[in-house]
Amino acid sequence: MLSKRKFKEQLNRECPICGQKGSAEILHTQYFVLHSAHILPQVYDIVSCELCGCVFSDTSASQDVYDKYYAEMSYYESSHVETDTRLYSERANWIELVIPRRQSRIIDIGCGNGMLLRDLRCRGYSQLTGMDPSAKCVEFLLVEDIDAVQGSFFTHTDMKNFDCAILSGVLEHICDVSKMIDAIKVLIKTDGLLLVCVPDSARYYIYDNVPFDYFNIEHINHFDETSLLNLGLLHGMSIRNLQKTDIHIGTSMQPVIFCAYVNDDRPQTDWVQYSRERIRDYVARTSSRTATNQLIDDLVSSGEEIVIWGAGNYSSRLLATTALAQCRIAFWVDSDRHKQGTEILGRPVREPEALMRHLGATVLVAVAVYSEEIMAEISSMGLTGRIVSL
Ligand SMILES: [Zn+2]
């Protein structure tokens, strides 16, 4: 029997995607017993937003508390993580794919001990900057002669014109996701890239390591493909590349999504409007292509008898929406045997060979694809009449 679904009507924090703070379904409640100096909450609900479905930890701590935690208590300063180079090379492989130009100005936000930047430098990238709240992490990088700044994009508002910003293993830790994305968009150029690497919550169940490993104290957002798409839509960014893959962490594997957003200043929209807007775009664009109607109008005016090659989808739409039905149609030709022997508007549909008995006919090719090939085929049949294509 299914357990009863539980909801909460008032969230501690806003949904990281759509920003609502009202209703959400509780999927799990995670408890921790933390050491005495720990400043993060010892319990939170894992919830799914009723409005957009995004799954997140409804932590009671604010972004300020998380900032303090990462500045003072983070383990990312420790050097033991450094030995796990494969963890970073998998990300660097993907970054190389989406931003191949070695002179690109790249900033790694929340760069930790800078392993990813060091890997990128080995691959020839020359304009690298690290940003991290931890002074020690910044020191690591400066010693390595990689540009680095301490703090966050909120404190470095003068930094601009990056070709690419990287949030690798960062966004799942952030309380104010929306605010962060808005601030990062200021850092990167128009048409620059925002590269996001996050755990893929839709595949936690496949990569089940120690119990409840994915509901750890630091990971408070549980993104999947849908929520990442929604995040881009709400911030006016399209997705250029999205890869669902896995990465090695020590001996275990974890599911991740690599997502490259383009800062292309498209109108902000939401997931409800997105698909219908794309269809509106399509209708507007395809409606404006009226040039083909002129040819049909000319054939109507000339009154010449025509044979139409193509008794399929395209001509059926043209019959309904143009003056094609007013042409003097002798017969139709189609290579589809299922159509041969039928009639359209009282005119027979015949096999292509029927044209051999009407060598002087004007042939109108009305097909969506292969029109050039069909015109070549008609020419090779020795027809002497006009061959025109829509
Ligand atoms: Zn939401």
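Nothing here was measured: the structure is a model prediction, and the numbers come from that model.

Re the overall build of the protein chain
Alright, step 1. Each helix and strand in the protein chain was counted, giving ten helices and 18 strands.
Alright, step 2. Dimensions of the protein chain, computed from the C-alpha atoms along their principal axes, are close to 95 × 55 × 40 Å.
Alright, step 3. Taken across its 390 residues, the protein chain has 48% of its residues classed as buried.
Alright, step 4. Considering only contacts in the protein chain between residues 6 or more positions apart, those separated by 24 or more positions represent 63%.
Alright, step 5. Summing over all exposed atoms, the protein chain offers an accessible surface of approximately 19,600 Å²; the carbon and sulfur share of this is 51%.
Alright, step 6. Charge separation in the protein chain, taken as the distance between the mean sites of 37 positive and 51 negative side-chain charges, equals 4 Å.

Brief notes about the sheet that holds strand 12 (residues 252–262)
Alright, step 1. With mixed pairing, seven strands are arranged side by side in an open sheet as 7-6-5-8-9-12-11. A strand with exactly one partner marks an edge of an open sheet, and here the two such strands are strand 7 (147–150) and strand 11 (238–249). Taking the axes of each pair of neighbouring strands and ignoring which way they run, one obtains an average angle of 20 degrees across the sheet.
Alright, step 2. Both strand 8 (residues 162–168) and strand 9 (residues 188–199) contribute to a ladder of six bridges, which runs parallel. Each residue of the ladder has a partner; that of Leu167, found in strand 9, is Val196.
Alright, step 3. Together, strand 9, strand 11 and strand 12 form the strand contacts of helix 6 (residues 225–234), whose direction differs from that of strand 12 by roughly 25 degrees.

Section: the side chain of Asp132
Alright, step 1. With respect to the helices and strands, Asp132 occurs in strand 6 (residues 127–132).
Alright, step 2. No salt bridge is formed by the buried Asp132; its nearest oppositely charged neighbour, Arg118, is found at 11 Å.
Alright, step 3. Here Cys111 takes part through its backbone nitrogen, which lies 3.2 Å from a polar atom of the side chain of Asp132.
Alright, step 4. Setting aside its immediate chain neighbours within four residues, Asp132 contacts Gly110, Cys111, Gly112, Cys137, Val138, Val149, Gln150 and Gly151.

Brief notes about the coordination of the zinc ion
Alright, step 1. Taken together, Cys15 (SG), Cys18 (SG), Cys49 (SG) and Cys52 (SG) make up the full set of protein donors to the zinc ion, lying 2.3 Å away.
Alright, step 2. Each of the four donor atoms bound to the zinc ion contributes to angles spanning 99 to 118 degrees, and the resulting shape is tetrahedral.
Alright, step 3. Going along the chain, you hit the donors of the zinc ion in the pattern C-x2-C-x30-C-x2-C.
Alright, step 4. Under the relative-accessibility criterion, Cys49 is labelled buried at 2%.
Alright, step 5. Relative accessible area serves as the criterion here: at 14%, Cys52 is assigned to the buried category.

With respect to the sheet that holds strand 3 (residues 43–49)
Alright, step 1. The strand order across the open sheet built from five strands is 1-2-3-4-10, with neighbouring strands paired in antiparallel fashion. Bordering the open sheet on either side are strand 1 (6–8) and strand 10 (221–222), each of which pairs with just one other strand.
Alright, step 2. Bridge count between strand 4 (residues 55–57) and strand 10: two bridges; the pairing is antiparallel. If you follow Val55 over to strand 10, its bridge partner there is His222.

Describing the side chain of Glu218
Alright, step 1. Here Glu218 lies in the loop between strand 9 and strand 10.
Alright, step 2. Of note is the side chain of Glu218, whose polar atom sits 2.5 Å from the side chain of Tyr69.

Thoughts on the pattern of salt bridges
Alright, step 1. A complete count under the given rule lists 17 salt bridges for this structure.
Alright, step 2. Between Glu25 and Arg5 there is a salt bridge, with the nearest N and O atoms lying 2.7 Å from each other. Linking Glu25 in strand 2 (residues 24–31) with Arg5 in the segment before strand 1, this pair joins segments that are 20 residues apart in sequence.
Alright, step 3. Judged by relative accessible area, Glu25 falls into the buried class, the value being 13%.
Alright, step 4. A residue is classified by how much of its surface remains accessible, and Arg5, at 53% relative accessible area, is exposed.
Alright, step 5. A salt bridge links Arg121 to Glu144; the nearest nitrogen and oxygen atoms lie 3.4 Å apart. Residue Arg121 is found in helix 3 (residues 115–122), and its partner Glu144 is found in the loop between helix 4 (135–143) and strand 7; the two are separated by 23 residues along the sequence.
Alright, step 6. For Glu144, a relative accessible area of 30% gives the class partly exposed.
Alright, step 7. Among the charged side chains, a salt-bridge network with shared partners connects Glu96, Arg102, Asp119 and Arg123.

Here's the deal with the domain arrangement of the protein chain
Interfaces are often described in size by the accessible area the parts lose on coming together.
Alright, step 1. The domains assigned to the protein chain are domain 1 (74–280) and domain 2 (291–389).
Alright, step 2. Computed from C-alpha coordinates alone, the two centres of domain 1 and domain 2 are separated by 55 Å.

Let's talk about a nonpolar patch on the surface
Alright, step 1. Taken together, Ile279, Tyr282 and Val283 make up a surface patch of nonpolar side chains, about 320 Å² in accessible area.
Alright, step 2. Residue position: Tyr282 is located in helix 7 (residues 271–287).
Alright, step 3. On the accessibility criterion, Tyr282 (53% relative accessible area) is exposed.

Concerning the nonpolar core
Alright, step 1. Counting 37 residues, the largest nonpolar core has Ile109, Leu167, Leu171 and Leu194 as the members making the most contacts within it.
Alright, step 2. Looking at this core, the elements with two or more residues in it are strand 2, strand 3, strand 5 (105–109), strand 8, helix 5 (177–187), strand 9, helix 6 and strand 12.
Alright, step 3. In terms of residue count, helix 5 provides more of this core than any other element does, five residues in total.
Alright, step 4. Counting residues in each nonpolar core, the second largest holds 29 residues, with Trp94, Ile99, Ile106 and Leu193 among its members.

Considering unusual backbone geometry
Alright, step 1. You will see that Asp191, though not glycine, has its phi angle at about 70 degrees, which is positive.
Alright, step 2. Positive phi, close to 55 degrees, is recorded for Phe212, a residue that is not glycine.
Alright, step 3. Structurally, Phe212 can be placed in the loop between strand 9 and strand 10.

Conventions and cut-offs
- Residues numbered from 1 in each chain as written.
- Predicted model: local features only at pLDDT ≥ 70, side-chain atom pairs only at ≥ 80, totals over all residues.
- Heavy atoms only, no water.
- Helix = DSSP H or I, 4+ residues; strand = E, 2+ residues; numbered from the N terminus.
- Buried < 20%, exposed > 50% of the residue type's maximum accessible area, 1.4 Å probe, protein only.
- Contact = heavy atoms within 4.5 Å.
- Areas by Shrake-Rupley, 256 points an atom, 1.4 Å probe, with all protein chains shown as cover.
- Lys, Arg positive; Asp, Glu negative; His and termini not counted.
- Charge placed at Lys NZ, Arg CZ, Asp CG, Glu CD.
- Pairing = 2+ DSSP bridges.
- Axes fitted to C-alpha atoms, helices over the stretch in contact; angles between N-to-C directions.
- Salt bridge = Lys/Arg side-chain N within 4 Å of Asp/Glu carboxyl O.
- Polar contact = N/O pair within 3.5 Å; in protein donor to acceptor, adjacent residues only side chain to side chain.
- Donors = N, O, S within 2.8 Å, 3.2 Å for Na, K, Ca; no water.
- Tetrahedral: all angles 85-135°; square planar, octahedral: opposite > 155°, others 65-115°.
- Domains from an automatic or database assignment.
- Patch = residues over 30% accessible without salt bridge, like charges linked within 9 Å, V, L, I, M, F, W, Y side chains within 5 Å.
- Core = buried A, V, L, I, M, F, W, Y, C linked by side-chain atoms within 4.5 Å.

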